[in-house]
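Fold and contact review
Here are the chains, one letter per residue:
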Amino acid sequence: MKHIKTIVKSTIDRSCDSGCGECQTSCQSACKTSCTVGNQSCERKTVKVNKVEREIQG
Amino acid sequence: MVHTFRCIGRIFMLDTESGSLYEIDELTKLAVDRRIAPDEVSEGAFSCYENSEIAAVESEIDELIKEGVLFTPARTYPKPVYSGVIKAMCLNISHNCNLRCEYCFADGGTYNKERKNMPLDVAKKAIDFLVARSGKRRNLEVDFFGGEPLLNFDVVKKTVEYARGLEEKHGKKFRFTITTNAVLLNDEVTEYCNREMYNVVVSIDGRKSVHNCVRKTVGGQDSYDIVLKNALRFKQLRGDRQYFVRGTYTALNTDFAKDVLALNDLGFDCISVEPVVLPETNRLAIKPEHIEILKKQYDELAEEYLRRKNTDKHFEFFHFILNLKEGPCEAKRLTGCGAGCEYVAVNPDGNIYPCHQFDGNDDFIIGNVCDGTFDTAIPKRFAATNVTTKEDCTNCWAKYYCSGGCNANAYNFNGSFDKPYRGACELMRKRIECALALNSVDSEN
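Criteria and cut-off values
- Residues numbered from 1 in each chain as written.
- Chains lettered and ligands numbered in written order.
- Predicted model: local features only at pLDDT ≥ 70, side-chain atom pairs only at ≥ 80, totals over all residues.
- Helix = DSSP H or I, 4+ residues; strand = E, 2+ residues; numbered from the N terminus.
- Buried ≥ 20, exposed ≤ 12 C-beta atoms within 10 Å, placed from the backbone.
- Pairing = 2+ DSSP bridges.
- Axes fitted to C-alpha atoms, helices over the stretch in contact; angles between N-to-C directions.
- Contact = placed C-beta atoms within 7 Å.
- Nonpolar A, V, L, I, M, F, W, Y, C, P; charged D, E, K, R; others polar.
- Parallel < 35°, antiparallel > 145°, perpendicular 65-115°, else oblique.
- Left-handed = near helix turned anticlockwise from the far one by under 90°.
- pLDDT = per-residue confidence, 0-100.
- Expected span 1.5 Å × (residues − 1).
- Arc of directions from axis to C-beta.

1. Comments concerning the overall build of chain A
- The secondary structure content of chain A amounts to 1 helix and 1 strand.
- Considering chain A as a whole, with its 58 residues, one finds that 41% of them fall into the buried category.

Here you go:
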């Protein structure tokens, strides 16, 4: 495409109905270091990536 | 729903429902904006473009729509369900503080109650309560908060030791965090935190004049010098472990980007600065007339973030961190913080609240970890609220990144969990735009 450059497609993961719930809680008040949900990572995907990286390194 | 926006001198387009992000040119922005709101884009705006070029853009847009990654239709969701599982706890280990910050939402750490520390037996019962209520969740979070947690550091250490002793037996893994004003943050505390605390949050507001204006000692003295000295030493000893220095900006420093950069210039590289939340009658409160000024500050900060990237002054700004590819699942994006459901706060008396923001409000006591009471009526009220139940959020492009915002703010400002605190919404959207733009740059490298 000449006018539209794709950065990333389809990032809303709808593969699990209710979620595993293992991810970090995302407090959104300002008095804590408040997170948006968007800046969080999926615990399962992060663990998987870390595992692959360890396997590559070791 | 599609949102186009400018940031860091470039133009981006987000398809809300699919989470697809694109960089686009001026003509595409015009064409997409016309599809979003035909009445708001005049035909004259296209006059400087060739018809063939306009047709090519329209064709690219149609191609993405056909693929299901642009103008993706909104989904409908069933009503949220209360699971009863709790996985995170704010442990208000001290209702006392050695600072008297003018904007403190907790009334100098007391939460409008008497000054006191949490006894160890209450803290242990809180841990037992969390383990018992956590169902099959393995990862449990406990944030030591207050007040100033280091005023009760011995109980912090014994609580951690107690919780660690339960991990193997119950198949749990605790992640501890602590939020401190750094007045008592010495080498011994830091070394302990390096062993046990997954994240440490150190409060400092940025420039000396800004910090000293609002963060006073009990005796009304400036606190910046001691806080900075301790925070810098902490940073040195913390190594590559997670930490954030965090500040609060108010109506007195609407040029807060300077405070973020001041903290970076001092040597901190993980920085978070948040808008104060106060009623408009307060002299420090963010008011509607500040919003546009503050949004420009985020733009300026994003540009400076890029300039400092790949230099020895590279820094992370909490609200610009975004995991584009391995972000949360849909379920997480819908439910947000989980206050009152997955997340609760416990005060020194053992009272359980939906979150730390409700500590001190007797209308929101869910139960008590000491006597074993736990009334699900309040958690069920919270569980019934998520981003799909908030009318303002339904039509907001940022809903899957913000998830409806802080329920406590919504309740305190609008008397309803379903009516978000709008001042925060504007700033949240701006921060998300910056985060999306900066992450698109990262994805190029």
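2. Thoughts on the sheet that holds strand S1 (residues 4-8) of chain A
- Pairing in this open sheet of 4 strands is antiparallel, and the strands run S1(A)-S3(B)-S2(B)-S1(B) from one edge to the other. Of all the strands in the sheet, the pair left with one neighbour each is S1 of chain A together with strand S1 (2-7) of chain B. Sheet twist, expressed as the average angle between the axes of neighbouring strands with direction ignored, equals 30°.
- Here 5 bridges tie strand S2 (residues 10-15) of chain B to strand S3 (residues 20-24) of chain B, and the two strands are oriented antiparallel to one another. Paired with Leu14 of chain B across the bridge in S3 of chain B is Leu21 of chain B.
- Along the sheet, helix H1 (residues 26-36) of chain B makes contact with S1 of chain A together with S1, S2 and S3 of chain B, crossing S1 of chain B at roughly 145°.

3. Topic: the interface of chain B and chain A
- Taken together, the contact pairs 66 residues of chain B with 42 residues of chain A.
- Tallied by class, residues from the side of chain B that touches chain A come to 33 nonpolar, 18 polar and 15 charged.

4. Comments concerning the packing of helix H3 (residues 120-133) of chain B against helix H4 (residues 153-170) of chain B
All names here are of chain B.
- Their axes nearest at 10 Å, the elements H3 and H4 cross at an angle of 30°. Relative to H4, the element H3 is oriented roughly parallel. For the crossing formed where H3 meets H4, the hand is right-handed. For the pair formed by H3 and H4, the contact residues are Leu120, Ala123, Lys124, Ile127 and Val131 on the first element and Val155, Lys158, Thr159, Tyr162, Ala163, Leu166 and His170 on the second.
- When the residues that make up the contact of H3 with H4 are grouped by side-chain class, the tally is 8 nonpolar, 2 polar and 2 charged.

5. Some details on the pairing of strand S4 (residues 88-92) of chain B
Residues and elements named next belong to chain B.
- Of all 5 residues that make up S4, 5 are buried, and the element is covered over most of its length.
- The sheet contact formed by S4 and strand S15 (residues 343-346) spans 4 bridges and is parallel. Residue pairing for S15: Cys90 is matched across the bridge by Ala345.

6. Let's talk about the pairing of S3 of chain B
- The element S3 of chain B is extensively covered by neighbouring structure, given that 4 of its 5 residues are classed as buried.
- As defined by bridge partners, S1 of chain A adjoins S3 of chain B across 4 bridges and the pair is classed as antiparallel. Of the residues in S3 of chain B, the one forming a bridge with Ile4 of chain A is Ile24 of chain B.
- The antiparallel hairpin formed by S2 of chain B and S3 of chain B contains 4 residues in its connecting segment, where Gly19 of chain B sits at a positive phi of about 75°.

7. Overview of the confidence of the model for chain B
- Overall, the predicted model of chain B reaches an average pLDDT of 95, with 100% of residues at or above 70.
- Confidence estimates for the predicted assembly give a pTM of 0.93 and an ipTM of 0.90.

8. A look at helix H2 (residues 51-67) of chain B
- In a regular helix each residue adds 1.5 Å, so 17 residues correspond to 24 Å; H2 of chain B covers 24 Å between its end C-alpha atoms and thus fits that length.
- Those residues of H2 of chain B that sit buried are Val57, Ile61 and Leu64 of chain B. Seen along its axis, H2 of chain B keeps its buried residues to an arc of 60°; they face one direction. Away from its buried face by more than 90 degrees, H2 of chain B exposes Asn51, Ser52, Ala55, Ser59, Asp62 and Lys66 of chain B.
- Residues of H2 of chain B that are buried in the fold lie against S1 of chain A together with H1 of chain B.

9. Some thoughts on the sheet that holds strand S18 (residues 373-374) of chain B
Residue and element names in this part refer to chain B.
- Reading across from one edge, S14-S13-S12-S10-S9-S8-S4-S15-S16-S17-S18 is the order of the 11 strands in this open sheet, with mixed pairing throughout. Looking at which strands have only one partner, the edges of the open sheet turn out to be strand S14 (316-317) and S18.
- Sheet topology places strand S10 (residues 197-203) next to strand S12 (residues 243-249); 4 bridges connect them, and they run parallel. By the bridge assignment for S12, Ser203 is matched with Arg246.
- The sheet contacts of H4 involve strand S8 (139-145) and strand S9 (173-180), and relative to S9 the element is tilted by about 165°.

10. What about the packing of helix H8 (residues 257-266) of chain B against helix H9 (residues 291-308) of chain B?
Residue and element names in this part refer to chain B.
- Interaxial distance between H8 and H9 falls to 9 Å at its minimum, and their mutual angle equals 30°. On the basis of their axis angle, the class for H8 and H9 is roughly parallel. From H8, Ala257, Val260 and Leu261 reach across to H9, where they touch Gln297, Glu300, Leu301 and Glu304.
- Classifying every residue of the contact of H8 with H9 gives 4 nonpolar, 1 polar and 2 charged.

11. Here we look at unusual backbone geometry
Residues and elements named next belong to chain B.
- Of note, the bond from Gly146 into Gly147 is cis; its omega dihedral lies within 30 degrees of zero at 15°.
- Structurally, Gly147 can be placed in the loop between S8 and H4.
- The backbone of Ala182 sits at a positive phi, close to 75°, despite the residue not being glycine.
- Tracing the sequence through the fold places Ala182 in the loop between S9 and helix H5 (187-196).
- Positioned with a positive phi, Ser403 is a non-glycine residue whose angle comes to about 65°.
- Looking at where Ser403 falls in the secondary structure, it is placed in the loop between helix H13 (399-402) and helix H14 (407-414).

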